[in-house]
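Residue strings, one per chain:
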Amino acid sequence: MGTNRRPATPEEARALASAVRLRILRMCLDDALTNKEIAARLEANPATVLHHVRTLVNTGFLVAEPSRPGPRGSVEIPYRATGKSWEMDVREAGVPGGSDAMIDAFLQEIRLVPVEEAILTRLGLRLTEEELKELIERMQALFEEYKQRPVAPDGVPYSAFFALHRDVSREP
């Protein structure tokens, strides 16, 4: 959907072709989290999570912040999402699994919320090519507008997932 986004490199696209890594980026969007904190939120093995964190750091999707003292004299490194994934389009990188990862991440995250708290809408449309292009451009502009707004410190975190697909069940 990213009409003004640069193409992702194959390495960047591979980094984003993981539901776990997409979830890590979302978790580290507002607050820098340590590997241990990320693993706890994901209910995953810290060693496995560290592999994902290193992949995201190496591709510029996460950045390490200054280390801080941890428990029993250890040193912790918090990581924060850079927002880089919003600036690129992974569709042309030739790396399979990117769209699957996005859908899997969405499904994993939405299952964490009581269904009555989610705002869900389905709509059947019949569009010309011009109308489809207009819809995509308007949705992209709306998402971009909200992305550019200053973060409200007292705001509640929300995630948006938009899917537009051919409705093959309605085709003759």
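The structure under discussion appears in the preceding block.
Residues numbered from 1 in each chain as written. Predicted model: local features only at pLDDT ≥ 70, side-chain atom pairs only at ≥ 80, totals over all residues. Heavy atoms only, no water.

Engineer: Summarise helix H3 (residues 35-42); cite the residues concerned and give the values.
Structural biologist: Working note: α-helix, 3.6 residues per turn, so residues spaced by three or four point in the same direction. Turning to H3, its buried residues number three or more, namely Asn35, Ile38, Ala39 and Leu42. Burial along H3 is one-sided: seen end-on, the buried residues are contained in an arc of 100 degrees. Exposed side of H3, more than 90 degrees from the buried face: Lys36 and Ala40 are the residues found there. Where H3 is buried, its residues contact helix H2 (19-27), strand S2 (33-34), helix H4 (46-58) and strand S6 (78-81). Just downstream of H3 lies Glu43, where phi reads positive at about 55 degrees. (Buried < 20%, exposed > 50% of the residue type's maximum accessible area, 1.4 Å probe, protein only. Helix = DSSP H or I, 4+ residues; strand = E, 2+ residues; numbered from the N terminus. Arc of directions from axis to C-beta. Contact = heavy atoms within 4.5 Å.)

Engineer: I'd like a rundown of the pairing of S6, residues and numbers included.
Structural biologist: On a regular strand, one side chain projects to one face of the sheet and the next to the other, so that they alternate. As defined by bridge partners, S2 adjoins S6 across two bridges and the pair is classed as antiparallel. Pairing of Leu33 across the sheet is with Tyr79, part of S6. Note that strand S3 (residues 62-64) and S6 share three bridges and pair antiparallel. Bridge pairing links Val63 to Arg80 in S6. (Pairing = 2+ DSSP bridges.)

Engineer: If you had to explain the sheet that holds S6 to someone new, which residues and values would you point to?
Structural biologist: One open sheet holds the three strands; their spatial order is S2-S6-S3, and the pairing between them is antiparallel. A strand with exactly one partner marks an edge of an open sheet, and here the two such strands are S2 and S3.

Engineer: Give me the environment of Asn4: which residues, what numbers.
Structural biologist: Relative to the helices and strands, Asn4 is located in the segment before strand S1 (6-7). Among the residues examined, Asn4 registers a relative accessible area of 76% and is labelled exposed. Along the sequence, Asn4 and Glu130 sit 126 residues apart, while their C-alpha atoms lie 18 Å from each other.

Engineer: Break down the packing of aromatic side chains for me, citing the residues and quoting the values.
Structural biologist: Scanning the model with the defined rule gives two aromatic pairs in all. For the ring pair Phe143 and Phe162, a centre distance of 6.2 Å and an interplane angle of 70 degrees mean the geometry is edge-to-face. With Phe143 in helix H6 (residues 129-148) and Phe162 in the segment after H6, this pair connects stretches of sequence that are 19 residues apart. Judged by its relative accessible area of 23%, Phe143 falls in the partly exposed class. Judged by its relative accessible area of 31%, Phe162 falls in the partly exposed class. Across from the ring centre of Phe61, 4.9 Å away, lies the NZ or CZ of Lys84, which sits over that ring. (Phe/Tyr/Trp six-rings, centres within 6.5 Å; stacked < 30°, edge-to-face > 60°. Lys NZ or Arg CZ within 6 Å of the ring centre and 35° of its normal.)

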